[in-house]
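Next come the chains, spelled out residue by residue.
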Amino acid sequence: MTLNSASKSNNIALTVLIISAIFWLGSINVRTLIGNELLDYDQFDFRTSIPPDRENTIFQMITNASLVVVISYAIVLISAIWFLLTSKLKMKNNGWLLMSAILFFMFVPVELYTNYLDVRFMLLFQTNPVNHDGLLKLFGERIGAFRGVPVIAVLCYYTIIPIVIFKPLRKAVDEEKKAG
C-alpha cells in the first residue's frame with residue numbers, strides 16, 4: 001500500500017500509530033532498564049542496599065516512564081483500530097497485516113491490566129512517595145503479572161516490525177485479478 005492509494009484519514013492514523021509506537025516501545029525499554037536497578041538477580045529479589053533517596057529517585061523515574069507508556073499505549077491502541085477501520089487493505093490478501101493485528105490485539109487485555117498496575121503505582125508515588133514498601137509491592141506485582149506474558153508480548157510487538165517491513169503472505173494485484 002502506498003500513501004497515494006490510501007485515504008487522508010488512513011494516512012493520519014498510520015502516522016500517529018508509528019510515532020506513538022516509537023514512544024511506547026522506547027518507554028517500555030527505558031522503564032525496564034530503570035526497574036532493573038531495584039532487582040538483585042542472584043536471588044531474583046529486591047536489592048536491600050539501596051539508600052532511600054536513591055530508591056525514591058528510581059521510583060520517580062519509573063513513574064515518569066510509566067506515564068509515557070500508559071499515554072502512548074492508549075494512542076497506539078486507538079490509532080491501530082482507526083488504521084484498520086479506514087484501510088483499503090483486505091486482510092485476506094495481506095497476511096502480513098492479519099499477522100500484525102493478531103500479534104498486537106491478542107495482548108490488549110494484558111496491557112490494560114499492566115497499565116492499571118502502572119497507574120496505581122504512579123498514584124501511590126504521587127500521594128505517598130515515602131511508602132517504599134507499598135511501591136515495591138506494586139512494582140513486584142507488575143513484574144510478576146501474568147508470569148512473563150508481558151515479556152512475550154513485547155517480543156511479539158518487536159516481531160511486528162519485520163513483518164510490516166517485509167510483508168510476507170501478500171497476494172499481488174495480478175494474482176487477485178486472475179483469481180477473481
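A few points on the structure. In this text the structure is predicted, and so the values were computed from the model without any measurement. (Residues numbered from 1 in each chain as written. Predicted model: local features only at pLDDT ≥ 70, side-chain atom pairs only at ≥ 80, totals over all residues. Heavy atoms only, no water.)

**Quick notes on the overall build of the protein**
So, step 1. Helix and strand counts for the protein come out as seven helices and two strands.
So, step 2. Along its sequence from the N terminus, the protein presents helices and strands in the succession α-β-β-α-α-α-α-α-α.
So, step 3. Over its C-alpha atoms the protein spans a radius of gyration of 20 Å, topping by over 25% the 16 Å that the globule rule assigns to 180 residues.
So, step 4. For the protein, the spread of C-alpha atoms along the three principal axes comes to 70 × 35 × 20 Å. (Helix = DSSP H or I, 4+ residues; strand = E, 2+ residues; numbered from the N terminus. Rg over C-alpha atoms; globule rule 2.2 N^0.38 Å.)

**Quick notes on the nonpolar core**
So, step 1. Ranked by internal contacts, the top residues of the largest apolar core, which has 25 residues, are Trp24, Ile28, Tyr73, Phe104, Phe107 and Tyr157.
So, step 2. Among residues more than four places away in sequence, those in contact with isoleucine 28 are Val69 and Val154.
So, step 3. Listed in part, the 14 residues of the second largest apolar core include Leu124, Phe125, Leu136 and Phe139. (Core = buried A, V, L, I, M, F, W, Y, C linked by side-chain atoms within 4.5 Å. Buried < 20%, exposed > 50% of the residue type's maximum accessible area, 1.4 Å probe, protein only. Contact = heavy atoms within 4.5 Å.)

**Considerations on the environment of leucine 39**
So, step 1. Along the chain, leucine 39 falls in strand 1 (residues 39-40).
So, step 2. When the C-alpha positions of leucine 39 and glycine 140 are compared, they lie 9.8 Å apart, and in sequence the two are 101 residues distant.
So, step 3. Discounting residues that sit within four places of it in the chain, leucine 39 has contacts with Asp45, Phe46, Arg47, Phe139 and Ile143.

**Regarding the pattern of salt bridges**
So, step 1. Applying the stated rule across the entire model yields four salt bridges.
So, step 2. With a shortest N-O distance of 2.9 Å, arginine 142 and aspartate 118 are connected by a salt bridge. Here aspartate 118 lies in helix 4 (residues 108-127) and arginine 142 lies in helix 5 (residues 132-144), a separation of 24 residues in the sequence. Pair check on accessibility: arginine 142 and aspartate 118 agree, each one buried. (Salt bridge = Lys/Arg side-chain N within 4 Å of Asp/Glu carboxyl O.)

**Notes on a nonpolar patch on the surface**
So, step 1. A contiguous nonpolar surface patch, about 470 Å² in accessible area, is contributed by Ile12, Val16, Leu67, Ile71, Ile75 and Trp82.
So, step 2. Elements that contribute at least two residues to the nonpolar patch include exactly helix 1 (8-35) and helix 2 (52-86).
So, step 3. Summarising the element assignment, isoleucine 71 is placed in helix 2. (Patch = residues over 30% accessible without salt bridge, like charges linked within 9 Å, V, L, I, M, F, W, Y side chains within 5 Å. Areas by Shrake-Rupley, 256 points an atom, 1.4 Å probe, with all protein chains shown as cover.)

**Some details on the packing of aromatic side chains**
So, step 1. Enumeration over the complete set of coordinates arrives at 11 aromatic pairs.
So, step 2. Here the aromatic rings of phenylalanine 107 and tyrosine 157 are separated by 6.2 Å at their centres, their planes lie at 80 degrees, and the arrangement is edge-to-face. Of this pair, phenylalanine 107 sits in the loop between helix 3 (95-105) and helix 4 while tyrosine 157 sits in helix 6 (residues 149-166); the two residues are 50 residues apart in sequence, bridging distant segments of the chain.
So, step 3. Overall, tyrosine 157 belongs to the buried group, its relative accessible area being 3%. (Phe/Tyr/Trp six-rings, centres within 6.5 Å; stacked < 30°, edge-to-face > 60°.)

By themselves, these observations are geometric and do not establish any function.
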